Amino acid sequence: MSRHLLCLEDLGEQGLARVLQLAGPSGAGRPLSGSSVALLFEHPSARTRNAFEAAVFQLGGHPVTIRAEEVGIDARETAEDVARTLACYHRLVCARVVAHSTLERMAGALDAAGLAVPVLNLLSNKEHPSQAVADLLTLQAHLGELKGATLAYVGDANNVSRSLVAAGALVGMRVNLASPPGYAMSEAELTWASGIGGEVHLFEDPAEAVREADALYTDVWVSMGQTAEKAARQRAFSGYRLDEDLVSKAPAHAIVMHCLPAHRGEEISAGVLDGPRSVVWEQAANRMHAARGLLAYLLEEGGAAQ
Ligand code: CP
Ligand code: NVA
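Residues numbered from 1 in each chain as written. Chains lettered and ligands numbered in written order. Predicted model: local features only at pLDDT ≥ 70, side-chain atom pairs only at ≥ 80, totals over all residues. Heavy atoms only, no water.

Close to ligand 2 lie Leu 123, Asn 158, Asn 159, Val 160, Asp 219, Val 220, Ser 223, Met 224 and Leu 260. At 3.4 Å from a nitrogen atom of ligand 2 is found a side-chain nitrogen or oxygen belonging to Asn 158. Taking Asn 159, its side chain carries an N or O atom lying 2.8 Å from an oxygen atom of ligand 2. Taken by itself ligand 2 offers 270 Å² of open surface, and the protein chains cover 94% of this. When its residues are assigned to classes, the shell around ligand 2 shows 5 nonpolar, 3 polar and 1 charged. (Near = heavy atom within 4 Å. Polar contact = N/O pair within 3.5 Å; in protein donor to acceptor, adjacent residues only side chain to side chain. Areas by Shrake-Rupley, 256 points an atom, 1.4 Å probe, with all protein chains shown as cover. Nonpolar A, V, L, I, M, F, W, Y, C, P; charged D, E, K, R; others polar.)

A separate point is the sheet that holds strand β6 (residues 174–178). Strand order in the open sheet made by the 5 strands is β7-β6-β5-β8-β9, with parallel pairing throughout. Of all strands in the sheet, those with a lone pairing partner are β7 (200–203) and β9 (255–258), marking the two edges. Here the average twist between neighbouring strands, direction ignored, is 20°. Two elements, β6 and β7, share 4 bridges in a ladder whose sense is parallel. Bridge assignment links Val 175 to a residue of β7, and that residue is Val 200. (Pairing = 2+ DSSP bridges. Helix = DSSP H or I, 4+ residues; strand = E, 2+ residues; numbered from the N terminus. Axes fitted to C-alpha atoms, helices over the stretch in contact; angles between N-to-C directions.)

Right, let's get into the packing of helix α6 (residues 129–143) against helix α13 (residues 280–301). As a packed pair, α6 and α13 sit with axes 7 Å apart at the nearest point and diverge in direction by 115°. Between α6 and α13 the crossing geometry is right-handed. Residue-level contacts link Ser 130, Gln 131, Val 133, Ala 134, Asp 135, Leu 137, Thr 138 and His 142 of α6 to Glu 282, Gln 283, Asn 286, Arg 287, His 289, Ala 290 and Leu 294 of α13. Broken down by class, the residue content of the contact of α6 with α13 amounts to 5 nonpolar, 7 polar and 3 charged. (Left-handed = near helix turned anticlockwise from the far one by under 90°. Contact = heavy atoms within 4.5 Å.)

In structure tokens form, the structure reads like this:
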């Protein structure tokens, strides 16, 4: 893989296995001792920012969190120049961006300059890879072997579901996607999914999607940056709530997952989110372990010391 991690599938099976190993309790050591890591945010964050700050500290380093408005990406200076500036001081540049292309431009600028500083995606409009690593840790803890397991995702084709599809492809887990008309994966996305070895099945009826699932997953109906579509999305998704009725259609052992933030009574009922099958707080806690695994892996794979 390239030294950067913009999409989960870029890890490949072996890379993902190593990330999961480094995220584990045996620890990744202190490879960041004496170094710092940039954490840049164009969108708000509770879990990702705190998980990564804590993980950087645990690896012996110092996190520097930057809100996009402080640096003015493509306003005060270009995304490329922001990346090159951050690479003067930090071992890694981690960024949550509005447009995935911003990450590609940052990574491209560092490559063109011959700098061995990895860029890590902390959520874009395309993927949310660090979330999917945390979700795999959570799934493994509850289901054990994931090869042959089924995850049913109720919601749209978005950053979270794309990274879950990529995760499924790497570990041999089937992903059922239940979406309202107009919000499902496109033909191009299905081609991408099968190209990386994913087994994806599309459903319009969420009850059918969850029937044989080991894990049920949902995410907000309106992702960050989609507020203009809010009313239309709330109408379209009204039959796609993960509530007690839908959960009753799934096998008794199925766990309930949500990346958070959640909107009780919208994409998930309060009873299901806070109920006995819910593992959402384990997912949130695993964000930090996943962050440690990803950072340690990227350092191991080519983030040269400065
Ligand atoms: N799940 C997640 O990424 O949460 P934040 O947006 O709070 O970081
Ligand atoms: N799909 C959501 C995920 C939030 C963690 C969003 O992009 O807002």
